[in-house]
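# Structural overview
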Amino acid sequence: MKDYLINQNWQDYTESEHEMWRTLFKRQEKVLEGRVVPVFLDGVRELGMAASGIPRFEALSDILKQRTGWEVVAVPGLVPDDVFFRLLAEKKFPSTCFIRKPEQIDYLQEPDIFHDVFGHVPLLINPIFADYMQYYGEAGLKALGQDCLHRLARLYWYTVEFGLIQTDEGLRTYGAGIVSSYSETIYCVEDPKPNRIMFDLKRVMRTNYRIDDFQETYFVVPSFESLFDATKAQDFHPIYNELAPLPDFAANEVLKCDELVLI
Ligand SMILES: [Fe+2]
């Protein structure tokens with residue numbers, strides 16, 4: 001199988017690309033305080049990510065390998081599902097190498113290195129979250145070629161990308177799509193508009209999502225342990241079969257059985 005792996009070629013980043021990282025890093029570091037789960041900022045610190053510039057994947061991987069066995073590998077952009085799942089199952093997190101341009105500071109459609117590395121990598125130092133990511137990859141491999149990948153994509157979207165978590169200090173985010181976005185970091189935990197619903201695996205797997213705006217619904221996990229417990233069976237086929245004849249839910253729908261989290 002073609003693995004899509006490339007070299008990061010760190011030495012080729014220009015000063016203005018490092019400057020873009022610095023701008024994004026400083027802005028997010030400030031806005032995330034009190035809005036992100038504390039272990040995320042621990043991860044940023046322990047991995048040596050800093051405002052100084054774009055990190056080297058080798059340096060991040062050296063620390064990650066010792067802590068949870070993960071590494072960061074460079075890919076040219078979004079990779080096919082089978083490659084993505086296999087890399088995760090092998091504890092390799094694929095990151096793109098390019099960084100957004102100044103005019104894209106607030107939004108770009110395709111993930112860049114700031115989203116992939118700053119957004120995703122800090123939590124890979126957390127053993128439970130790291131295991132969740134690996135199990136997700138294994139579940140993906142088992143689902144390949146079947147009509148259920150959209151259910152796994154929803155699980156990833158509503159946890160890894162846009163998840164919220166309860167902490168002793170209150171509601172926090174941990175999703176990479178949020179922590180790499182200044183405005184959604186504030187919106188997801190402070191704006192009264194979106195629904196915040198306690199995580200339920202089948203509910204999530206039936207729920208559509210928005211890719212063009214802030215989320216209308218966030219799912220809240222009580223802890224990473226509970227997320228991992230709910231998904232570690234990996235073989236979701238009995239659930240896929242159960243859900244197959246049932247209708248999907250709209251991204252903004254609230255059901256009678258939903259357990260709402262109020263802010
Ligand atoms: Fe992402």
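Described in the following lines is the structure provided in the data block. (Residues numbered from 1 in each chain as written. Predicted model: local features only at pLDDT ≥ 70, side-chain atom pairs only at ≥ 80, totals over all residues. Heavy atoms only, no water.)

This brings us to the overall build of the chain. When you go through the chain residue by residue, the secondary structure sums to 12 helices and six strands. Taking 18 Å as the expected radius of gyration for a compact globule of 263 residues, we find that the chain reaches 18 Å, a close match to that expectation. Along the first, second and third principal axes, the C-alpha atoms of the chain reach 55 × 45 × 35 Å. Split into buried and exposed, the 263 residues of the chain put 52% on the buried side. Put simply, 70% of the contacts in the chain that link residues at least 6 apart link residues at least 24 apart. (Helix = DSSP H or I, 4+ residues; strand = E, 2+ residues; numbered from the N terminus. Rg over C-alpha atoms; globule rule 2.2 N^0.38 Å. Buried < 20%, exposed > 50% of the residue type's maximum accessible area, 1.4 Å probe, protein only. Contact = heavy atoms within 4.5 Å.)

Bound to the iron ion on the protein side are His115 (NE2), His120 (NE2) and Glu161 (OE), at distances that span 2.0 to 2.1 Å. Summarised as a motif, the one-chain spacing of the donors to the iron ion is H-x4-H-x40-E. With a gap of 46 residues between them, His115 in helix H5 (residues 113-120) and Glu161 in helix H7 (residues 149-161) connect regions that are remote in the sequence. The pair His115 / Glu161 is uniform in exposure class, with both members buried. (Donors = N, O, S within 2.8 Å, 3.2 Å for Na, K, Ca; no water.)

To find the voids left in a structure, one rolls a probe of water-molecule size over its atoms. The full count for this structure, using the stated rule, is two cavities of 30 Å³ or more. Size it by volume and the largest cavity reaches roughly 40 Å³. In terms of lining residues, the largest cavity is bounded by Tyr132, Tyr135, Tyr136, Ala139, Leu155, Thr231, Gln234 and Phe236. A total of four residues in the lining of the largest cavity trace back to one element, the largest contributor, which is helix H6 (residues 127-143). By residue class, the composition of the lining of the largest cavity is six nonpolar, two polar and no charged. Considered as a void within the structure, the second largest cavity measures approximately 30 Å³ in volume. As for the second largest cavity, its lining consists of Gly119, His120, Leu123, Phe129, Val160, Tyr174, Gly175 and Ala176. (1 Å grid on protein atoms, 1.4 Å probe; cavity = no way out; pocket = protein on both sides within 12 Å on 5 of 7 lines; lining within 4 Å. Points joined across faces, edges and corners; volume = space filled by probe spheres on them. Nonpolar A, V, L, I, M, F, W, Y, C, P; charged D, E, K, R; others polar.)

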